[in-house]
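# A look at the structure
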Amino acid sequence: MEDIKKRIAHIKFWNGLFQVVGLLSTFVGLVLLFTLMADLFTDGAPRLSYKFFTSFPSRFAEEAGILSAWVGSCLVLLVTACAAIPLGVAAGIYLEEYASKNRLTDLIEINIANLAGVPSIVYGLLALGLFVYFFEFGESILTGGLALALLILPMVIMATRESIRAIPNSIREASYAMGATKWQTVKWHVLPYSTGGVLTGIIIGLSRAIGETAPIITVGALTFIAFLPTPPVSSDFPFISFKWLFDPFTVMPIQMFNWVSRPQKEFQLNAAAAGIVLMGMTLLMNGVAIYIRYKFRKKIKW
Amino acid sequence: MSAVTSKDLKAEAKGLNFFYGSVHALKNISLPIERRKVTALIGPSGCGKTTFLRCFNRMHDLYPHNRYEGEILLYPDNVNIISPEIDPIEVRMQISMVFQKPNPFPKTIYENVAYGLRVRGTRKKQVIDERVEKSLRGAALWEEVKDRLHNLAFDLSGGQQQRLCIARALATDPRILLFDEPTSALDPIATSKIEELIIELKNEVTIIIVTHNMQQAARVSDYTSFMYIGEIIEYDRTDKIFTAPSSKLTEDYITGRFG
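Residues numbered from 1 in each chain as written. Chains lettered and ligands numbered in written order. Predicted model: local features only at pLDDT ≥ 70, side-chain atom pairs only at ≥ 80, totals over all residues.

### Overview of the overall build of chain A
- Looking only at helices and strands, one finds 11 helices and zero strands in chain A.
- Listing each helix as α and each strand as β along chain A from the N terminus yields α-α-α-α-α-α-α-α-α-α-α.
- Relative to the compact-globule value of 19 Å for 302 residues, chain A shows a C-alpha radius of gyration of 24 Å, a clear excess of over 25%.
- Once the C-alpha set of chain A is aligned to its principal axes, its extents read approximately 75 × 65 × 35 Å.
- Burial analysis of chain A (302 residues in total) assigns 36% to the buried set. (Helix = DSSP H or I, 4+ residues; strand = E, 2+ residues; numbered from the N terminus. Rg over C-alpha atoms; globule rule 2.2 N^0.38 Å. Buried ≥ 20, exposed ≤ 12 C-beta atoms within 10 Å, placed from the backbone.)

### Points about the sheet that holds strand 8 (residues 206-210) of chain B
All names here are of chain B.
- The six strands lie next to each other as 6-7-8-3-9-10, forming an open sheet whose pairing is mixed. Looking along the sheet, the strands with just one partner apiece sit at the ends: strand 6 (95-98) and strand 10 (231-237). Sheet twist, expressed as the average angle between the axes of neighbouring strands with direction ignored, equals 20°.
- In the sheet, strand 6 pairs with strand 7 (residues 176-180) via four bridges, with the strands oriented parallel. Paired with S96 across the two strands is L177, which belongs to strand 7.
- Strand contacts of helix 6 (residues 158-170): strand 6 and strand 7, with the helix running at about 175° to strand 6, the strand carrying the most contacts.
- Along the sheet face, helix 7 (residues 188-201) touches strand 3 (38-42), strand 7 and strand 8 and points at about 150° away from the line of strand 8. (Pairing = 2+ DSSP bridges. Axes fitted to C-alpha atoms, helices over the stretch in contact; angles between N-to-C directions. Contact = placed C-beta atoms within 7 Å.)

### Digging into the environment of G21 of chain B
Residue and element names in this part refer to chain B.
- Within the secondary structure, G21 sits in the loop between strand 1 (9-20) and strand 2 (23-34).
- Since 11 C-beta atoms lie within 10 Å of it, G21 is described here as exposed.
- C-alpha separation for the pair G21 and D129, spaced 108 residues apart in sequence, amounts to 44 Å.

### Digging into the interface of chain A and chain B
- Taken together, the contact between chain A and chain B spans 15 residues of the former and 18 residues of the latter.
- Of all elements in the fold, only helix 7 (169-177) and helix 8 (182-211) of chain A reach the threshold of two or more residues within the side of chain A that touches chain B.
- Per-element accounting of the side of chain A that touches chain B gives the leading share, six residues, to helix 7 of chain A.
- Partitioning the side of chain A that touches chain B into residue classes produces eight nonpolar, six polar and one charged. (Nonpolar A, V, L, I, M, F, W, Y, C, P; charged D, E, K, R; others polar.)

### A word on helix 3 (residues 109-119) of chain B
- The buried fraction of helix 3 of chain B amounts to eight of the 11 residues, a majority that puts the element mostly inside the structure.
- Of the residues making up helix 3 of chain B, those classed as buried are I109, E111, N112, V113, A114, Y115, G116 and V119 of chain B.
- Taken together, the buried residues of helix 3 of chain B touch helix 8 of chain A together with helix 4 (125-138), helix 5 (142-145) and helix 6 of chain B.
- At the C-terminal side of helix 3 of chain B, G121 of chain B shows a positive phi close to 85°.

### A look at the confidence of the model for chain A
- Of the residues in chain A, 99% have a pLDDT of 70 or more, and the chain-wide mean is 89.
- Taken element by element, chain A is modelled with least confidence in helix 2 (residues 50-54) of chain A, mean pLDDT 86, and with most confidence in helix 7 of chain A, mean pLDDT 95. (pLDDT = per-residue confidence, 0-100.)

### Digging into the domain arrangement of chain A
Residue and element names in this part refer to chain A.
- Taken as a whole, chain A is organised into domain 1 (2-47) and domain 2 (50-299).
- Between the C-alpha centres of domain 1 and domain 2 the distance comes to 35 Å.
- Each partner contributes residues to the interface: domain 1 has six residues there, and domain 2 has eight residues.
- Grouping the amino acids of the side of domain 1 that touches domain 2 by side-chain chemistry returns three nonpolar, one polar and two charged. (Domains from an automatic or database assignment.)

Here it is, written out as structure tokens:
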């Protein structure tokens, strides 16, 4: 009896020890994150003002703002979304609903999973060769957006496939049994029921894209830019212009990098402020993703 | 083999073989399906009754490596519906199916019933409205749902959901209605409602039902076919099968000696 008690005490010691280690590990992560954020906020928060959002970068730190950077980020993201969403969703649907399961599709599957892990600068190189030199899109918003689209494409494909797989097969059978074609089944069931998961995946992908710097630098985004791209709408015929696609640009992380690399302390503060904005954008997008997931989960439970 | 001499057939399987890849699941099956009668398929698990049922609307075509041989003729047109030249969609548009577990779409009650019409490209609201009401009445569900047609189908109880699935299957005027153990996921009260409904429905449509429940087969069907390891052992009038089966195997199964 004594023996058993001793052994239990011994086992419990290890049990308790891991609890402590686990807790400490969690705290290290959390504390570091909070210190980082607190530091960013104390440095950057005083610089956040309306003017900061509406000013171009400048030689004078107090007058410099992030106008060209956030406009550039938004436009690049728009191109990314327009390219990655249709391609990724269509590929995901094809692989899940149409493609027969064989060696080739297995190979494609493994490749897509691996593509998600390719370093982003490699995508930058690919985009430089393909979009800048081959298609001659120039060092433009279009090139930047497409480079990021390549980057998040595997994520979108995988998110699409995951959420399609969550749809029970009985629903597909019910649809086919009524004489529906594959496309009707996809259009009326597979797509609508997987929308929540697909959107979540897309937004998570986009929120990764917005913080990417390497591929954007590789394709030749400018680090200092004091003008906006051509507006997409104008008062003259034909009112809509796509010229902005071919304009040079910068994005938030590049603007930050530019400021951080300057010796003056004031520019460091600007970088911190821009960091807060960038983090806010990412958090907002993740928040939207969580909300969408929650909403769709509530609507459809199998 | 058949002791039945009626000539009013809706369909007939002749020398049907079915393969899941290299597995020979149905062996040389021949079975008449009487018009506007209920034919029950019974037998122990894995005997191939569901596999056989799913041949009638070509559900096996959805998955790779499945192969049919032989014929299932649909009368009066005399078309072999498992022939590769016949589009499975054409078959499914004429032969509807109700599944083991209620599987309504996560849409409204109305949209669930209207689905078959939408698939066929029907746009006229008036036509769809009428057909939805008629089908829901046919499935004995109208009175319960007429005030909430635009609520989600998932809000219904299990038994109601299954009747909704029957309404969905009825909405396109099928020539044959297939039931694959339609009450196995339901409680006794819901089950008896579905059974009454099946007896009601045979006035309008030919029915084939797979059931693991022999009392159910006895209650609802006119003809019963006993299957065992991919073969039909015996086919006869239901009362005959359950009172005086001619095969020893059938007798052993229905008296509960195995299965």
